[in-house]
Amino acid sequence: MEETYEIKGANRLDALRTFLGSLFETDNIGSILVPVQSETTHAIMPTLVSDPAVLAMADPFAPCFPLNGAKLVSKLTKRPGDKTMAVVLRPCELRALVELVKIKQARMDHLITISFDCPGAYSNKDFNRLPDRQESHTLEFLEKRLESGFQYHDHVQDQDQVQNQDQNQDQDKNEISLTTACSICTSPFPENADICITLVDQPADTLGLFATTDRGRELLMGRTSSVKPLPKTRDESIKAVLAQNKDAEKKVFEALSSKTATLEKLGIYLSACVNCYNCRVACPVCFCRECVFNTDVFDYEPFQYATWAKNKGSLRMPMDTVFFHVTRMIHMGLSCVGCGQCSNACPNDIPLAELFVSVGKEAQKGFSYGAGKDLDEPFPLSIFFENEFQDVTGI
Amino acid sequence: MADIEPITIAADHKSGSLAVDFEPTIIAFVCNWCTYTAADLAGTSRQKYPPNVRLIKVMCTGMVDPKYVLKAFLSGADAVLVSGCHPGDCHYINGNYKARRRIHLVQGILERFGISRERLRLTWIGASDGIQFARTIRSMVAELKKMGPAVTDMKQVI
């Protein structure tokens, strides 16, 4: 086991802020990207902090996940810099960042990645509806999640209604559910961050810290914080959470595959899509500067529409909806990290996350690849070998 | 006139009615250097194969964008054939290896939506394999006739 340290504070957020503040003291860290609560609106947005005083509003544990921060890190690291930057990311954001680094859309050379045991998040809509979005809300949410062993709501588990958000809300109006993507997340614990922050089985005033890279180890080594092993129960607790989420995932996927078993059914599943392409914009691994669906390729002539309508009897407009989504699966399925921002971005509440996660996982399995797991594992479509996939060819 | 048996026209499967005499449509992306030449050879050497296939010549299987394949299926193709040079024979050194990975990916994703692997084929047919080209098309058509149309109601495929 790695050397682990512990940070104490008045509460979990305080401990985290103390730790982040201490990063500024170590020479090289010039700025930290971390979700910070706005003083006026209580919105929580990733913020590049260079003044330690601002950290007093840092709140990465809130059930608020407005966007996948990997895209922001890509903007911040486009050119090589000389100052080291620290970024606090959820595990799925970190996985997306790893994917972006692989396809040369971000770099890690002057980056310290910090991740944490992710308690999950609400959808943007749900979070923004919350009346009370103070710090106390985050702490309460965290406490509840940790107490229950990251349980997805019990009544959901009991009644096999993981996928049915509406009914959940009817049954329990006060209780907001996590997004489906979070409830079926099979890797909510940091795996390859420079510094991992642990919450599971820690007391309410303590954070555990451990490093998984040399850079992280170096940073933690000179710390005044006390060395203390992680709670012995952690492995067990993590296993239980993973088992539970896998179970939820299985149920969601099963319901999904019968709903999307043919192209016709997929068309019905996506029938509320207005081709706004918000899912693509929100997707951290959809990195093209210009998407082909915005180019002249899909800018048809009026007579073409007329011809298609005539041939088919009717033409649903906007068209190319299934085309767009399946193309996106082919383009980014191998890199899908399961962050669920596609669902979050959809104005018409199409459950896209489970669709893309299930297709993505299957595609990744086909190449024995795990999106965002390992920086040294090359992106499957960037390599090839002579004697592979022999079963693909021939009749 | 009235008692003359009407000529059986392959019913338009896109309208939803399953035809008794189902004639599948195959879109074939064939590489300029090998399979297209093979198809040419099949023609000049009077090899017979059913007319269900529409050939689209591409410079290399490595340039077959998954969107081409998708567009074919979404426009009502019952199968797509991508065919090029044998491994090691690619005019562009390794385009066919890249195609193989890509087709592997697309097969996996389309299978999930009811387009089985038999409907998206990748074959290596060299320039001198005219006979093999004709045989491939014949067996694909026979197989597809048994399988029926890929999509029964095109109107739902938005």
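All values reported here derive from a predicted model rather than from experimental measurement.

Student: So what exactly am I meant to see when it comes to the sheet that holds strand β1 (residues 26-31) of chain B here?
Tutor: The pairing of strands in a sheet happens through backbone hydrogen bonds and is either parallel or antiparallel. All names here are of chain B. The sheet built from four strands is open, its strands ordered β2-β1-β3-β4 with parallel pairing. Looking at strand neighbours, the two that pair on one side only are β2 (53-58) and β4 (120-124), the edges of this open sheet. This sheet shows a mean twist of 20 degrees between the axes of neighbouring strands, independent of strand direction. Across the sheet, helix α1 (residues 35-44) lies against β1, β2 and β3 (79-84), angled at about 110 degrees from β1, the strand it touches most. Against the sheet, helix α2 (residues 66-74) makes contact with β1, β3 and β4, and its axis sits at roughly 150 degrees relative to β3, the strand it touches most.

Student: What's the story with the pattern of salt bridges in this structure? I'm lost.
Tutor: Opposite charge on two side chains permits them to pair, given that their charged atoms come into close proximity. In this structure the tally under the stated criterion is 18 salt bridges over all chains. Note that A:Lys8 is salt-bridged to A:Asp205, the shortest N-O span being 4.0 Å. Taken together, the residues A:Lys8 in strand β1 (residues 4-8) and A:Asp205 in the loop between β6 (195-198) and β7 (206-211) connect sequence positions 197 residues apart. Note that A:Glu388 is salt-bridged to B:Arg101, the shortest N-O span being 2.8 Å. Of this pair, A:Glu388 sits in the segment after α16 (352-366) while B:Arg101 sits in helix α3 (residues 95-111), each in a different chain.

Student: So what exactly am I meant to see when it comes to the packing of aromatic side chains here?
Tutor: Here a ring pair, both rings aromatic, is described through the centre-centre distance and the interplanar angle of the planes. Overall, the coordinates contain 19 aromatic pairs over all chains when judged by the stated rule. The interplanar angle of 80 degrees and the centroid separation of 4.7 Å between the aromatic rings of A:Tyr300 and A:Trp308 together place this pair among those described as edge-to-face. On the basis of relative accessibility, which here comes to 13%, the residue A:Tyr300 falls in the buried class. Taken together, the ring pairs in this structure connect A:Tyr277, A:Phe293, A:Phe298, A:Tyr300, A:Tyr305, A:Trp308, A:Phe323 and A:Phe324 into an aromatic cluster. Positioned above the aromatic ring of A:Phe356 is the side chain of A:Arg328, whose terminal nitrogen or guanidinium carbon lies 4.6 Å from the ring centre. Across from the ring centre of A:Trp308, 5.0 Å away, lies the NZ or CZ of B:Lys71, which sits over that ring.

Student: How should I be thinking about the state of the cysteines in this particular structure?
Tutor: Cysteine pairs can be linked by a disulfide, which is a covalent bond between their two sulfur atoms. Tallying each qualifying case throughout the model produces zero disulfides over all chains. A disulfide-free cysteine, A:Cys291 has its sulfur positioned 6.5 Å from the sulfur of A:Cys286, the nearest such atom. Here A:Cys291 falls in the buried class, since its relative accessible area comes to 14%. Cysteine B:Cys31 remains unbridged, with the sulfur of B:Cys85 as its closest cysteine sulfur at 3.5 Å.

Student: Would you take a moment to explain the nonpolar core for this structure?
Tutor: A general feature of soluble globular proteins is that nonpolar side chains tend to end up buried together. The biggest cluster of nonpolar side chains holds 109 residues, and the ones touching the most others in it are A:Leu97, A:Leu263, A:Leu355, B:Ile109, B:Leu110 and B:Leu120. Dropping the residues within four chain positions of it, A:Leu263 is found in contact with A:Val322, B:Leu74, B:Phe113, B:Ile115, B:Val151 and B:Val157. A:Leu20, A:Phe24, A:Ile32 and A:Val36 belong to the second largest nonpolar core, which has 37 residues in total.

Student: Even after reading the chapter, I still don't get the interface of chain A and chain B, so can you show me in this structure?
Tutor: One frequent convention defines the size of an interface as the accessible area lost when the parts assemble. At the junction of the two partners, chain A supplies 51 residues and chain B supplies 37 residues. Taken over both partners, the interface formed by chain A and chain B buries close to 3,900 Å², and the fraction arising from carbon and sulfur atoms is 69%. Linking chain A to chain B there are 17 residue pairs in polar contact (both at pLDDT 80 or more). Only α10 (234-259), α11 (263-269), α13 (302-312), α14 (321-332) and α16 of chain A provide two or more residues apiece to the side of chain A that touches chain B. Tallying contributions element by element places α14(A) first for the side of chain A that touches chain B, with eight residues. In terms of residue class, the side of chain A that touches chain B is made up of 29 nonpolar, 16 polar and six charged.

Student: Just to check I follow, could you spell out the sheet that holds strand β8 (residues 226-227) of chain A for this structure?
Tutor: Residues and elements named next belong to chain A. Sheet architecture is open: eight strands sit in the order β3-β2-β4-β5-β6-β7-β1-β8, paired in mixed fashion. With partners counted over all chains shown, the strands left at the sheet margins are β3 (44-49) and β8, one partner each. Pairing analysis gives six bridges linking strand β2 (residues 29-37) to β3, with the strands arranged antiparallel. Across the sheet, the residue bridging to isoleucine 32 is valine 49, located in β3. Contacts from helix α1 (residues 12-25) reach β1, β2, β3, β4 (84-89), β5 (111-116), β6 and β7, with the element oriented near 160 degrees to β2. Its contacts with the sheet place helix α9 (residues 214-221) against β1, β5, β6 and β7, and it is angled at close to 130 degrees to β7.

Student: Looking at this model, I keep getting lost on the confidence of the model for chain A. Mind explaining?
Tutor: Where the model shows low pLDDT, its predicted coordinates should not be examined in detail. Per-residue pLDDT for chain A has a mean of 90; in total, 93% of the residues score no lower than 70. This stretch, residues 154-173 of chain A, has a pLDDT under 50; its non-local contacts, to residues over four places away or in other chains, come to 29 contacts.

Calculation rules
- Residues numbered from 1 in each chain as written.
- Chains lettered and ligands numbered in written order.
- Predicted model: local features only at pLDDT ≥ 70, side-chain atom pairs only at ≥ 80, totals over all residues.
- Heavy atoms only, no water.
- Pairing = 2+ DSSP bridges.
- Helix = DSSP H or I, 4+ residues; strand = E, 2+ residues; numbered from the N terminus.
- Axes fitted to C-alpha atoms, helices over the stretch in contact; angles between N-to-C directions.
- Contact = heavy atoms within 4.5 Å.
- Salt bridge = Lys/Arg side-chain N within 4 Å of Asp/Glu carboxyl O.
- Phe/Tyr/Trp six-rings, centres within 6.5 Å; stacked < 30°, edge-to-face > 60°.
- Buried < 20%, exposed > 50% of the residue type's maximum accessible area, 1.4 Å probe, protein only.
- Lys NZ or Arg CZ within 6 Å of the ring centre and 35° of its normal.
- Disulfide = S-S within 2.5 Å.
- Core = buried A, V, L, I, M, F, W, Y, C linked by side-chain atoms within 4.5 Å.
- Buried area = accessible area lost by both parts, 1.4 Å probe.
- Polar contact = N/O pair within 3.5 Å; in protein donor to acceptor, adjacent residues only side chain to side chain.
- Nonpolar A, V, L, I, M, F, W, Y, C, P; charged D, E, K, R; others polar.
- pLDDT = per-residue confidence, 0-100.

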